[in-house]
Structures are given as C-alpha cells and as structure tokens.
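# Working through the structure, step by step
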Amino acid sequence: MATYGQPDRKLVIDINKYLIENHPMLTLRDRNAIGAYILKSKLDLKSIHKQIDQHVKTYATDTDE
C-alpha cells in the first residue's frame, strides 16, 4: 500500500513466462512444480537490492549535474 505522495511500485516476476522463454523444453507440469518450489523457498534478494542501489546511485549522480 502506497502512502500519500509515494507511488505504489511492485517488482513482479512471472516465473512461468521466465521459464518458457529461458527453458522452453519444460512442460507445464515441470513449470508448475518449479514455480511451487521457488515460492516455497527463501529467495536471496541481495542481488536485486544491489541492482536497485546502483540505480539509485546513478539517478542521484545524474540529477546532481
């Protein structure tokens, strides 16, 4: 839920679409099983956070000029 004046931004990863595009040999049953496993696992978001931080730094540098 966004607070007043802040955009409601979400990062959504379509696991099925990703698997279809990057692993086209997987069946629907395989993709469902992998998707369920991913949702149950504890994902490491450190690399995503690092990428977000890099964009923040780039944005801050670009707006300072």
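Residues numbered from 1 in each chain as written. Predicted model: local features only at pLDDT ≥ 70, side-chain atom pairs only at ≥ 80, totals over all residues. Heavy atoms only, no water.

### Brief notes about the overall build of the protein
Heads up, the condition is: Where helices and strands are cited, they refer to DSSP runs of H or I of at least four residues and of E of at least two residues respectively, numbered from the N terminus. Our radius of gyration looks at C-alpha atoms and nothing else; its globule reference is 2.2 Å times the residue count to the power 0.38. All accessible areas in this document rest on Shrake-Rupley with a 1.4 Å probe, and a residue is counted as covered only by the protein chains that are shown. Note that His is not counted, nor are the chain ends; the positive residues are Lys and Arg, and the negative ones are Asp and Glu. We put the charge of a Lys on NZ, of an Arg on CZ, of an Asp on CG and of a Glu on CD.
Along the protein, the regular secondary structure elements total 3 helices and 0 strands. Starting at the N terminus and ending at the C terminus, the protein contains elements arranged as α-α-α. Whereas a compact globule of 65 residues would reach a radius of gyration of roughly 11 Å, the protein reaches 17 Å, over 25% beyond that. Taken along the three principal axes of its C-alpha coordinates, the protein extends 50 × 25 × 20 Å. Total accessible area computed for the protein in this model is approximately 6600 Å², and 57% of it derives from carbon and sulfur atoms. The average position of the 10 basic charges and that of the 9 acidic charges among the side chains of the protein differ by 11 Å.

### Some words on the confidence of the model for the protein
How we decide: Every residue carries a pLDDT, the predictor's confidence in it, which falls somewhere between 0 and 100.
When pLDDT is averaged across the protein, the result is 87; 92% of the residues are at 70 or more. Mean pLDDT in the protein bottoms out at helix 3 (residues 46-64), which sits at 87, and peaks at helix 1 (residues 15-22), which reaches 95.

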